[in-house]
Protein chains: 6
Amino acid sequence: MGIVIQNIERPAAEIVAGLGQCGVATVHEAQGRSGLMRPFMRPIYAGVRIAGPAVTVSVAPGDNWMIHVAVEQCREGDIVVVAPTSPCEDGYFGELLARSLQARGVGGLVIEAGVRDVRDLAEIGFPVWSKAIFAQGTVKETIGSVNVPIVCAGASVNPGDVIVADDDGVCVVPHGKAEEALKNSRAREAREAEVRKRLLAGELGLDIYDMRGKLAAKGLKYV
Amino acid sequence: MGIVIQNIERPAAEIVAGLGQCGVATVHEAQGRSGLMRPFMRPIYAGVRIAGPAVTVSVAPGDNWMIHVAVEQCREGDIVVVAPTSPCEDGYFGELLARSLQARGVGGLVIEAGVRDVRDLAEIGFPVWSKAIFAQGTVKETIGSVNVPIVCAGASVNPGDVIVADDDGVCVVPHGKAEEALKNSRAREAREAEVRKRLLAGELGLDIYDMRGKLAAKGLKYV
Amino acid sequence: MGIVIQNIERPAAEIVAGLGQCGVATVHEAQGRSGLMRPFMRPIYAGVRIAGPAVTVSVAPGDNWMIHVAVEQCREGDIVVVAPTSPCEDGYFGELLARSLQARGVGGLVIEAGVRDVRDLAEIGFPVWSKAIFAQGTVKETIGSVNVPIVCAGASVNPGDVIVADDDGVCVVPHGKAEEALKNSRAREAREAEVRKRLLAGELGLDIYDMRGKLAAKGLKYV
Amino acid sequence: MGIVIQNIERPAAEIVAGLGQCGVATVHEAQGRSGLMRPFMRPIYAGVRIAGPAVTVSVAPGDNWMIHVAVEQCREGDIVVVAPTSPCEDGYFGELLARSLQARGVGGLVIEAGVRDVRDLAEIGFPVWSKAIFAQGTVKETIGSVNVPIVCAGASVNPGDVIVADDDGVCVVPHGKAEEALKNSRAREAREAEVRKRLLAGELGLDIYDMRGKLAAKGLKYV
Amino acid sequence: MGIVIQNIERPAAEIVAGLGQCGVATVHEAQGRSGLMRPFMRPIYAGVRIAGPAVTVSVAPGDNWMIHVAVEQCREGDIVVVAPTSPCEDGYFGELLARSLQARGVGGLVIEAGVRDVRDLAEIGFPVWSKAIFAQGTVKETIGSVNVPIVCAGASVNPGDVIVADDDGVCVVPHGKAEEALKNSRAREAREAEVRKRLLAGELGLDIYDMRGKLAAKGLKYV
Amino acid sequence: MGIVIQNIERPAAEIVAGLGQCGVATVHEAQGRSGLMRPFMRPIYAGVRIAGPAVTVSVAPGDNWMIHVAVEQCREGDIVVVAPTSPCEDGYFGELLARSLQARGVGGLVIEAGVRDVRDLAEIGFPVWSKAIFAQGTVKETIGSVNVPIVCAGASVNPGDVIVADDDGVCVVPHGKAEEALKNSRAREAREAEVRKRLLAGELGLDIYDMRGKLAAKGLKYV
């Protein structure tokens, strides 16, 4: 409680960028179906895909003080990930904080709580994935921590982990597995491109994936 | 458990199309306010209205195998309706399955669970009404059934029932009542057109529907 | 139960308009962080900001009769605020009632329940903040009251209170505090404009708000 | 809408009684894992297990009129099953209605809504499974139906189907499958008694069910 | 914000006691079905019925400082009613605060948030109705108010209003209407005693309430 | 995916026992208010307090195979902690598995999903904290892992961490911090015993904790 870790390791920029190109569904699959946040985490506006190293923030309920502290720890391309110590939907974040993060090149915010000024955030192009949209203000009374391990929306996040977020939700790639996850993601994309071609040509998944025998063995009856 | 019914009766195409023109709110009213799915069933993108005969799919939680089986049973204009045997928000469906259904002319998907690749689905124009958007992958281990009676989001659905879906939600019209529902829907539209004209002219519903006497009889006081 | 108050006091139009320019987040802050409705109250389409005096309606679950009664009590610029006496998500309101309210110049609807015909409502430009989108029809059997004090989505609303609503949600400004709330809102906007300039120039909130000493005093450690 | 079916077929009393001895978890398994209501259906007091033929009631939200109508249709041992046409938690049922049902020998109530007077219901020993406990009163204005097919808490219920309810929830056995379900339930109980003996003796499920080979084949690694 | 009202008017003790004897369901009905809190407010242990004047407390999320302030304002028989300014389930209250309130003769706590030490609270016999049971601790950093009007679980509460709470939930009787509510409650109990006798004798509500004609007029069909 | 760690470190038995005596609320406070699971984790019967080292289990939705695998890894006094890879309320666990765990001396189960046979579990005295009670059966098709790090109900759990559970919920004490947490818990109990004495004597928390000056400094007004 009450710690700011100033130096965190970030993965190589080209790996982060690659994961961002692949997107949440592919990356989640490519790393063994792990790291996904709960489905209540939704983008405040559609059509954006981002990726970047996590700067983690642990905050008290109804208290956004530590987000101000976290700003200073951010670098170009980072993504701020905020989790309250108990469930809270208050509006921790709005347009002014977004301006401050944009001034440092931060790519977006992921927060298991509420945000406000959402029309302004859309207009200035600062993407946010949150649990709620709620104007309720917060205080600055209780300290928390920056760049410690947190659990956000059911997923473990360590500082420097790669966050990938798009219209499907938010996925966390552990720092040490980012390279492998990218390789697997690319391989998965290649396989899917093959399958896509065959499906567009009218072939059935039943045949492409050779499922008919297994279904019969399980006892499926056609009547 | 483990049955695929291959031949189902579908209502006449012009009745289905007519119901699609009327939309969910009108059709639901016209058949005595029945058949509506729960309000948590939301379109993944706005502005679409579809109608078509249901191909029903009963699936295990976290297992989308039977959707692959269902593809083969679909014809031009059908709508696939999926219900898990217990509550589940996993991402049963994504862009590849949508391609496969589009190749067969399927009009859309209704699923009391999650879907993923939602940006792709919007781009290729495959409409989905779901309980959640969630990238979580599923397995192919447990068989279920295709074209058996199911309960989806609180509504009974039999194969061949007409599904109507738009921005207001999803409504089920039993096959045998489709013609009558269309007739009643058209009559309702005509009545509403009359009322609309009078409302636009500034008349009050209180007078159009002759409510003042009934309100007084119930004891309403103006002060 | 069963009362319609016909004469309510409304705040001056320029105060209402001013509050509308400031928006929900600012007004909520400017009146001491009170009056906000719960975050489940969402606009049916994005990008609108409205303000107006409340015409309040207390309705039975699944019964929209009193909304018809309320129409007659509305004036140009009013906002109708509806709360059921017990939780209900039925579709109390659709396009026809919207036409009727538009004919009287009503600015929008706030309802702790469901609405339908949402595509039509977007097309004719009638904004609604609701708990749900649900086509389920309602009856006209049980009387309620118009322009009595209600609790809507957790907020107390008296007739004539100013309702401010935008993409951040809905805020209630008590009639007697509207002028002060506007003054405070304007002052807050001025302060924020100052801060915005400095943040865009790269200054940190930590320094602008002079937080470093207080954080150290609370025991925050940088490592 | 607005129909009371007066003659329904009920399964043989000894089959109903047998299913009641087996309980929800066993019966649900024995009929292929179907017929279970959603887990939000909870008993208002613990420790009771009942079974009986369903008298079904479809009611409007906030309106308990049809429960009064249903009383007359009940016989010794029946279970009343109530579903509102849209989600509602109002208190449809209390001590007086329970007295009336007890006077006719009814075994209990299953309702996808709220009940009240729960302390009295416990004292007079009238078991209820409900979605909520809520004192909110209801009206008697809108008719519904008795002994028509309904969907209650996600399960299809036809009049005369066997309802089994205990601390694990509520399960529906279709009338025509009651005998087979009982036979399968008894067989399952016998198998479980065997397994129980071996488990109490310290044997592992891994060995009793011969799982080790299958786990290895799936790739499970011990480290 | 930040006010403690020290002198509040309390209703006569015998009226409060009378309402407590009648209980939540009866009192709620007797005052026109108003004043009921949402059904998520549940007792932490069953079998208690209390009534007393409300000492209201408005608290910040995750901050129980003002409950300590409120203790001093309590008198024998009061009930403390706590509402956070935004939704929060933290454990604001435990055994030590209960001891302090018991030392002043307070009858119980109603809180739209969480409590902890629930086994201890049951053992010392201090009844609580809450939204959650949650051990999460709170801070003492932000002031709120005591004995101001609040909204708790959807109900308006003014200091001195009578709170009635039992296994059915929590009901608020406005101070000025307490006497009338008691009179109506007693009358209702008398009427119900009459009906109970007839129901126990086997008469039907259909006949006692003379419903058959009205049902036929609405179009109910027996088949 | 698909790993069973067979040797885990467990904390000393007397430390575990000590933490169990202190209980969830005290331990959670004593370790800096961390490690608490979400408030939806409730005991299936009241009045039990347990503590023990965690054997962690990661399972697929609707698939309890790995719980059978986990049994073999359990020792006297362990607590099994189960988290599905996506949200699921199915009944993963019942009386037979409880018998098997009891035969090995396991102290209880913590599961972010459903359980069944709850009356039997109460009768044989096997305590469970779960998200739901649900009879829905599960399959044995997909492997998971035993004794890997998991997130359960929002809390990080590593194998060998101490689980403390009682009527207030479930708390996780990291293995390496168990001794310090116990020391702090004992100190906290001693401090609370002091305060309790003074409260019972009628002193106010306002004075015991010396709050009056701080409240005045924050601007609290008594009127």
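For the structure, check the block above.
The present account deals with the structure reproduced in this document. (Residues numbered from 1 in each chain as written. Chains lettered and ligands numbered in written order. Predicted model: local features only at pLDDT ≥ 70, side-chain atom pairs only at ≥ 80, totals over all residues. Heavy atoms only, no water.)

**Details of the overall build of chain A**
Here is step 1: A tally of regular secondary structure across chain A gives 8 helices and 12 strands.
Here is step 2: The dimensions of chain A, computed from C-alpha atoms along their principal axes, are 65 × 40 × 35 Å.
Here is step 3: When burial is assessed residue by residue, chain A has 63% of its 223 residues classed as buried.
Here is step 4: Looking at chain A alone, contacts between residues at least 24 apart form 76% of all its contacts between residues at least 6 apart.
Here is step 5: Of the roughly 7,700 Å² of accessible surface on chain A, 49% is carried by carbon and sulfur atoms.
Here is step 6: Taking the 24 positively charged and 27 negatively charged side chains of chain A as two groups, their mean positions are separated by 7 Å. (Helix = DSSP H or I, 4+ residues; strand = E, 2+ residues; numbered from the N terminus. Buried < 20%, exposed > 50% of the residue type's maximum accessible area, 1.4 Å probe, protein only. Contact = heavy atoms within 4.5 Å. Areas by Shrake-Rupley, 256 points an atom, 1.4 Å probe, with all protein chains shown as cover. Lys, Arg positive; Asp, Glu negative; His and termini not counted. Charge placed at Lys NZ, Arg CZ, Asp CG, Glu CD.)

**What to know about the relation of the copies chain A and chain B**
Here is step 1: The transformation that overlays chain A on chain B combines an axial shift of 0.0 Å with a rotation of 120°, and the residual RMSD is 0.0 Å. This pairing of chains is accounted for by a three-fold axis. (Least-squares fit on C-alpha atoms with pLDDT ≥ 70 in both.)

**Overview of the interface of chain A and chain C**
Here is step 1: On the chain C side, the residues contacting the 34 residues of chain A number 36 residues.
Here is step 2: Roughly 3,000 Å² is buried in total at the junction of chain A and chain C, and carbon and sulfur atoms are behind 61% of that figure.
Here is step 3: Between the two partners, chain A and chain C, sit 3 salt bridges.
Here is step 4: Of the charged contacts, one joins E72 of chain A and R212 of chain C as a salt bridge, the two residues approaching to 2.9 Å between their closest N and O atoms.
Here is step 5: Listing elements by their share of the side of chain A that touches chain C, those giving two or more residues are strand 1 (3-4), helix 3 (65-71), helix 4 (95-103) and helix 5 (118-124) of chain A. (Buried area = accessible area lost by both parts, 1.4 Å probe. Salt bridge = Lys/Arg side-chain N within 4 Å of Asp/Glu carboxyl O.)

**What to know about the pattern of salt bridges**
Here is step 1: Counted according to the given criterion, the structure contains 84 salt bridges over all chains.
Here is step 2: Notably, a salt bridge pairs E29 of chain A with R188 of chain A, separated by 3.8 Å at the nearest N-O pair. In this pair, E29 of chain A is assigned in helix 2 (residues 24-30) and R188 of chain A in helix 6 (residues 178-200), connecting sequence segments 159 residues apart.
Here is step 3: Linking E192 of chain F and R188 of chain F is a salt bridge whose minimum nitrogen-to-oxygen distance equals 3.1 Å. Of this pair, E192 of chain F and R188 of chain F both sit in helix 6 (residues 178-200), separated by 4 residues, roughly a single helical turn. Like R188 of chain F, E192 of chain F is buried.
Here is step 4: When salt bridges with common partners are traced through the structure, they connect E29, R33, R188 and E192 of chain A together with R116 of chain B into a single cluster.

**Considerations on unusual backbone geometry**
Here is step 1: Here A153 of chain B, not a glycine, exhibits a phi torsion of approximately 50°, which is positive.
Here is step 2: Structurally, the position occupied by A153 of chain B is in the loop between strand 8 (150-152) and strand 9 (155-157).
Here is step 3: Since its relative accessible area comes to 0%, A153 of chain B is described here as buried.
Here is step 4: We note that D210 of chain F has phi near 55°; this positive angle belongs to a residue other than glycine.
Here is step 5: With respect to the secondary-structure elements, D210 of chain F resides in the loop between helix 7 (205-208) and helix 8 (212-218).

**Thoughts on the interface of chain A and chain B**
Here is step 1: The interface of chain A with chain B comprises 36 residues on the first partner and 34 residues on the second.
Here is step 2: Of the roughly 3,000 Å² buried where chain A meets chain B, counting both sides, 61% is carbon and sulfur surface.
Here is step 3: When the buried surface of chain A facing chain B is broken down by residue, P39, D168 and V223 of chain A rank first, second and third, together holding 18% of it.
Here is step 4: Along the contact surface separating chain A from chain B lie 13 residue pairs in polar contact (both at pLDDT 80 or more).
Here is step 5: Secondary structure elements with two or more residues in the side of chain A that touches chain B: helix 2, helix 6, helix 7 (205-208), helix 8 (212-218) and strand 12 (221-222) of chain A.
Here is step 6: When the residues that make up the side of chain A that touches chain B are grouped by side-chain class, the tally is 17 nonpolar, 4 polar and 15 charged.
Here is step 7: Summarising the sheet, strand 12 of chain A and strand 1 (residues 3-4) of chain B pair through 2 bridges and their orientation is parallel. Along strand 1 of chain B, the bridge assignment pairs K221 of chain A with I3 of chain B. (Polar contact = N/O pair within 3.5 Å; in protein donor to acceptor, adjacent residues only side chain to side chain. Nonpolar A, V, L, I, M, F, W, Y, C, P; charged D, E, K, R; others polar. Pairing = 2+ DSSP bridges.)

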